[in-house]
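Each chain, letter by letter, is given below.
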Amino acid sequence: MSLRFVLDPELTPELREQIVTLWADVSNAGGAVGFVPPVTAADVRALAEPTFAGITDGPDRLLLGYEEDRPVAALIFTENRFALKEHWCVLKRVMVHPDTQGRGYGSELMREAERIGRALGFEALHVTLRDGLGLDRFYGRLGYREIGRLPRALRVAAGDDRDEVLMWLDLAPVAGR
């Protein structure tokens, strides 16, 4: 089964709750989307509301992947809000529901993000990730390359600091390469 993708869905109250639930489920399964388990829907909602405002008021864009009528994958195209960086975009809150893991949905989501990124005219996509989860290998298989690290930038627990890894995917050919 493949995902059905929707870019910029209407953020109805029902959809907002579905996204908050997805986000909490991913977090509680150990996904690196801004929290460490355990997390409640209320915890997620506190971060989700300003995130939703960036989508509804612009300039950010939401991409959802649906399995039938259920949103099971999501990411946010977050613009840099800085004129010198308008040619590339940050992908945030990349997530796939834990009960759908192993179906290739993460790769599908990222390939769709790449397709949309090109269509929107971006020359590159950037993601950051929490080291220690194997995410660098996942993104590497999709063509992303590590461009840097912030050592011990993420404190997930007392005595457990992780590097924040910066990954980059070129979408447009660069002159001279």
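Note that the coordinates shown come from a computational prediction; the quantities given were computed from them, not determined experimentally.

## Concerning the nonpolar core
Ranked by internal contacts, the top residues of the largest apolar core, which has 26 residues, are Leu75, Phe77, Leu91, Met110, Tyr139 and Tyr144. The dominant element in this core, judged by the number of residues it contributes, is helix α3 (residues 105-119), at five residues. With near-sequence residues (within four places) excluded, tyrosine 144 lies in contact with Leu91, Met110, Leu125, Val127, Tyr139, Met167, Trp168 and Leu169. One finds Leu22, Phe35, Ile55 and Leu62 within the second-largest nonpolar core, a separate group that totals 21 residues.

## Considering the packing of aromatic side chains
Summed over the entire model, instances satisfying the criterion amount to four aromatic pairs. Between phenylalanine 138 and tyrosine 139 the ring centres are 5.0 Å apart and the planes differ by 75°, which places this aromatic pair in the edge-to-face class. No difference in accessibility class separates phenylalanine 138 from tyrosine 139, as the two residues are buried. Among the aromatic side chains, those forming a connected cluster through ring pairs are Phe138, Tyr139 and Tyr144. It is arginine 4 that lies over the ring of tyrosine 66; its NZ or CZ is 4.5 Å from the centre.

## Focus: the pattern of salt bridges
Tallied over the entire structure, the rule returns 14 salt bridges. Linking arginine 70 and aspartate 99 is a salt bridge whose minimum nitrogen-to-oxygen distance equals 3.2 Å. One end of the pair, arginine 70, is in strand β3 (residues 70-78); the other, aspartate 99, is in the loop between β4 (88-96) and α3, with 29 residues separating them in the sequence. Overall, the relative accessible area of 44% leaves aspartate 99 in the partly exposed class. The closest approach of N and O atoms between arginine 149 and aspartate 163, which form a salt bridge, is 3.1 Å. Of this pair, arginine 149 sits in strand β6 (residues 145-157) while aspartate 163 sits in strand β7 (residues 160-170), placing them 14 residues apart in sequence.

## Comments concerning the side chain of threonine 51
Note on placement: threonine 51 falls in helix α2 (residues 41-56). A polar contact of 2.8 Å, which involves the side chain of threonine 51, links it to the backbone oxygen of leucine 47. The residues contacting threonine 51, other than those within four sequence positions of it, are Trp23 and Ile76.

Conventions and cut-offs
Residues numbered from 1 in each chain as written. Predicted model: local features only at pLDDT ≥ 70, side-chain atom pairs only at ≥ 80, totals over all residues. Heavy atoms only, no water. Core = buried A, V, L, I, M, F, W, Y, C linked by side-chain atoms within 4.5 Å. Buried < 20%, exposed > 50% of the residue type's maximum accessible area, 1.4 Å probe, protein only. Helix = DSSP H or I, 4+ residues; strand = E, 2+ residues; numbered from the N terminus. Contact = heavy atoms within 4.5 Å. Phe/Tyr/Trp six-rings, centres within 6.5 Å; stacked < 30°, edge-to-face > 60°. Lys NZ or Arg CZ within 6 Å of the ring centre and 35° of its normal. Salt bridge = Lys/Arg side-chain N within 4 Å of Asp/Glu carboxyl O. Polar contact = N/O pair within 3.5 Å; in protein donor to acceptor, adjacent residues only side chain to side chain.

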